Amino acid sequence: MDLKAIETKLSAARTRLILDKPFLGALVLRLPMVAADPGWCRTTATDARKFYYNPEYIDALRSDETQFVLAHEALHCALSHFARRQHRLKHRWDIACDFAINPLLIKDGLIAPPGSLVADSYEGMTAEEIYPCLDDLDDEQDTLDDHVYDDDDPDDGTRNQDSGGRDQGQQSNSQPEQKDDASGGGKSNEQDPNTGGAPQPPPLSQQEKDALNAQWQQRMAGAAQQAQQSGKLGGIMARMVDFLLQPQLPWRMLLARYMTTSARDDYNYARPSSRRGDPAVYPSLRSSQVNLLVALDVSGSVSDEEMGEFLSEIDAIKGQMRARVTLHACDAELAKDGPWVFEPWEDFELPREFKGGGGTSFTPVFEWADKQDQPPDLLVYFTDAQGDFPSAQPNYPVIWLVKGKSVVPWGQRVQLN
């Protein structure tokens, strides 16, 4: 096998990306290409610092497929997948990341090699949104590449296994720390004298993840600006960059903002009784509480744990704004033992364990609200937004707290993930 020819093949694919897709090409340029030991690198891999490759695998790829694997590893880094896993299981997280990246590259015109994870149902979703959808994950399902920037948690029983369950041994955890090189590379990648390839780098420390996260954000912004100036930033990549670089507010903060703006705490400037003897008119506070209607989609797509987290947040906010909360549970129809009413001084919690049914319709909640003497000041609906909506928008504000990627026809949509 001619290693020089393989290096030339990779360089040619990178050059083609720079010319045709400068955004991706600029990101790929940030990853030095290193031939890896085939003992740990089946195909390609990244540690958020370098692009590792198995020469035999690259040799078997077509030129357009080689462009894809280069861009694939660069996007893992640009999207900071190495810093976003948090509490999630590594294997499932790695698969969710691949399902998030591959449709972006395919929509941008690249050709995926055989074995790439692609599903139409995950198109347009982030890795965080895809992750909870992988509950029925096939044990044989695996990423095409290796994500070696991360490691399994020490307490999950699989610390010495990577995403495909292969034994890593103790070498990766025992290599000494070395200073970063000029290209942002971290640990030493000297070739193994027995195989001629670089050994597997150790996982990143939290400090390294934080530093690389900021670095890749800057790189992505610079690459997007250059590509936009040349008129070669595709629409799907432009939308992705805009979303990732704009300030991201947690859903709790957004929910609190919309709830507090609905509060009716205002002032009355009516002239007081003349018997008081004071000609001055002082404002007095009126209307002391908000009537909040909360609806839970219990059709089965939202877990009890997620509902509990959501209701805890409502409870904390309502205590600050003195809200009287009416709770409804609904799948295709309202729960028969509802609604449940909570005064401002009462804890807001799930009254029972809900067992979701089949279909989903949001109409029953709005029909119930229309029959009341007074409409709610605000309706907050916790759902995946997959169901039948009322044909007309009500005359009171509605917040949809959505788990997943589905859209809503009206009202304010707040993304849960």
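For the structure given in this document, a descriptive report is provided here. No experiment lies behind these values; they were computed from the predicted model shown.

Basis of the calculations
- Residues numbered from 1 in each chain as written.
- Predicted model: local features only at pLDDT ≥ 70, side-chain atom pairs only at ≥ 80, totals over all residues.
- Heavy atoms only, no water.
- 1 Å grid on protein atoms, 1.4 Å probe; cavity = no way out; pocket = protein on both sides within 12 Å on 5 of 7 lines; lining within 4 Å.
- Points joined across faces, edges and corners; volume = space filled by probe spheres on them.
- Helix = DSSP H or I, 4+ residues; strand = E, 2+ residues; numbered from the N terminus.
- Salt bridge = Lys/Arg side-chain N within 4 Å of Asp/Glu carboxyl O.
- Buried < 20%, exposed > 50% of the residue type's maximum accessible area, 1.4 Å probe, protein only.
- Contact = heavy atoms within 4.5 Å.
- Pairing = 2+ DSSP bridges.
- Axes fitted to C-alpha atoms, helices over the stretch in contact; angles between N-to-C directions.

## So, empty space enclosed by the protein
Argument step 1. Counting across every chain of the model gives three cavities of 30 Å³ or more.
Argument step 2. Considering only enclosed or pocket space, the largest cavity measures out at about 60 Å³ in volume.
Argument step 3. In terms of lining, the largest cavity is formed by Thr44, Phe68, Val69, His72, Glu73, Asp98, Asn102, Ser116, Leu117, Leu144 and Asp145.
Argument step 4. Mapped by element, the contributors of at least two residues to the lining of the largest cavity are helix H4 (63-78) and helix H5 (90-107).

## Side note on the pattern of salt bridges
Argument step 1. A full pass over the atoms with the stated rule returns 13 salt bridges.
Argument step 2. In this structure, Asp146 and Arg42 form a salt bridge, with 3.2 Å as the shortest nitrogen-oxygen distance. Pair noted here: Asp146 is in strand E4 (residues 146-147) and Arg42 is in the loop between strand E1 (33-35) and strand E2 (44-46), with a separation of 104 residues, a long-range link.
Argument step 3. Residue class for Asp146 comes out buried when judged on its relative accessible area of 3%.
Argument step 4. Arg42 sits in the partly exposed class, given a relative accessible area of 30%.

## Some details on the environment of Val341
Argument step 1. Structurally, Val341 can be placed in strand E9 (residues 340-342).
Argument step 2. With a relative accessible area of 38%, Val341 lands in the partly exposed category.
Argument step 3. In sequence terms Val341 and Thr326 are 15 residues apart; their C-alpha atoms lie 4.5 Å from each other.
Argument step 4. Contacts of Val341, omitting those with residues within four sequence positions, involve Arg324, Val325, Thr326 and Glu346.

## Topic: the sheet that holds E1
Argument step 1. Across the sheet, which stays open at both edges, the four strands sit in the order E1-E3-E2-E4 with mixed pairing between neighbours. Each edge of the sheet is formed by a strand with only one pairing partner; in this case those strands are E1 and E4.
Argument step 2. As defined by bridge partners, E2 adjoins strand E3 (residues 51-53) across three bridges and the pair is classed as antiparallel. The residue bridging Thr44 from the neighbouring strand is Tyr53, located in E3.
Argument step 3. Where helix H1 (residues 3-20) meets the sheet, it contacts E1 and E3, and its direction lies at approximately 140° from that of E3.

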